[in-house]
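# Inside the fold
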Amino acid sequence: MTRRDPAAIKAAALPGTILVLMRDGKPEQMTIEAFADHFGKPSDKHMEERIHDPLVRIDHDLAVVWAPFEFLVDGKKDHCGTDLFNVVHADGRWVIAGIADTGSKGCAGK
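Report follows, based on the coordinates. What you are looking at is a predicted structure, and each value in this text was computed from that prediction instead of being measured. The written sequence of each chain sets the order in which its residues are numbered from 1. The model is predicted, so local features are restricted to residues of pLDDT at least 70 and side-chain atom pairs to those at 80 or more, both for listing and for counting; the totals for chains, interfaces and linings are taken over all residues. Side-chain measures were taken over the full set of non-hydrogen atoms in the model, leaving aside hydrogen atoms and water.

## So, the pattern of salt bridges
Side chains that carry opposite charge are capable of pairing whenever their charged atoms lie near each other. Just so we agree on the cut-off: When a carboxyl oxygen of Asp or Glu is within 4 Å of a side-chain nitrogen of Lys or Arg, the pair counts as a salt bridge. Elements are defined by DSSP. Helices are runs of H or I of four residues or more, strands are runs of E of two residues or more, and each kind is numbered from the N terminus. Categorising residues by exposure relies on relative accessible area from a 1.4 Å probe, with only protein chains included: less than 20% of the type maximum marks a residue as buried, more than 50% marks it as exposed, and the intermediate range marks it as partly exposed.
Going through the model one piece at a time under the given rule, you end up with five salt bridges. In this structure, Lys10 and Asp37 form a salt bridge, with 3.2 Å as the shortest nitrogen-oxygen distance. Taken together, the residues span a long stretch of sequence, with Lys10 in helix H1 (residues 6–11) and Asp37 in helix H2 (residues 32–39) at a distance of 27 residues. Residue Asp37 is classed as partly exposed on the basis of its relative accessible area of 40%. A salt bridge links Asp78 to Lys105, with the nearest nitrogen and oxygen atoms 2.9 Å apart. Of this pair, Asp78 sits in strand E6 (residues 76–90) while Lys105 is found in the segment after strand E7 (93–103), placing the two residues 27 residues apart along the sequence.

## Section: unusual backbone geometry
Phi angles above zero are rare outside glycine, and Asp24 is one such case at about 55°. Looking at the secondary structure, you find Asp24 in the loop between strand E1 (18–23) and strand E2 (26–31). Positioned with a positive phi, His60 is a non-glycine residue whose angle comes to about 55°. One can find His60 in the loop between strand E4 (55–59) and strand E5 (62–73). Residue classification places His60 among the exposed residues on the basis of a relative accessible area of 70%.

## Some details on the state of the cysteines
Rules: Criterion for a disulfide: a pair of cysteine sulfur atoms at a distance within 2.5 Å.
Enumeration according to the criterion identifies one disulfide in this entry. Here Cys80 engages in a disulfide with Cys107; their sulfurs sit 2.2 Å apart. On the sign convention where negative means left-handed, the S-S torsion of about -140° between Cys80 and Cys107 marks this disulfide as left-handed. You can see Cys80 sitting in strand E6 and its partner Cys107 sitting in the segment after E7, a full 27 residues away along the chain. The buried category is assigned to Cys80, whose relative accessible area is 18%.

## Examining a nonpolar patch on the surface
We apply this condition: For patch building, the residue pool is restricted to those with more than 30% relative accessible area and no salt bridge; the joining distance is 9 Å between like charges and 5 Å between nonpolar side chains (Val, Leu, Ile, Met, Phe, Trp, Tyr). Shrake-Rupley sampling with a 1.4 Å probe provides the accessible areas, and residues are treated as covered by the protein chains on show and by no other component.
A cluster of nonpolar side chains, Val56, Ile58 and Trp94, forms an exposed patch at the surface whose accessible area comes to about 290 Å². Within the fold, Trp94 resides in strand E7.

## Concerning the side chain of Thr17
As a reminder of what qualifies: What qualifies as a polar contact is a pair of N or O atoms within 3.5 Å, subject to a donor-acceptor requirement within protein and to the restriction that residues adjacent in sequence count only when both atoms come from side chains. Any two residues having at least one pair of non-hydrogen atoms within 4.5 Å are treated as being in contact.
With respect to the helices and strands, Thr17 occurs in the loop between H1 and E1. The buried category is assigned to Thr17, whose relative accessible area is 3%. Of note is the side chain of Thr17, whose polar atom sits 2.6 Å from the backbone oxygen of Leu14. Residues within four places of Thr17 in sequence aside, it is in contact with Met30, Thr31, Ile32, Ile96, Ala97 and Gly98.

Spelled out as structure tokens, the structure:
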């Protein structure tokens, strides 16, 4: 996301991967392609997502990653929450098969 490279975002996931973004108790859904196109638009704002303390569980070719995150815009905390990634091992590499996250402005500026 930071590089605003839609091809790199799409390459990290299976085609058609669905994102479910929980905002104010309501799910917003989009495909990885729509997400990549959104973040691929030019902007003068610097965006960065930082995850920390990831919990990873793996069973053969299936994994899940649960990680709290902070999302920064121009170096200032914009929102935070938890990312949940479903990941599969396919064609010799790990790729995202699904994403869900929470997002709250309650942490902004903290």
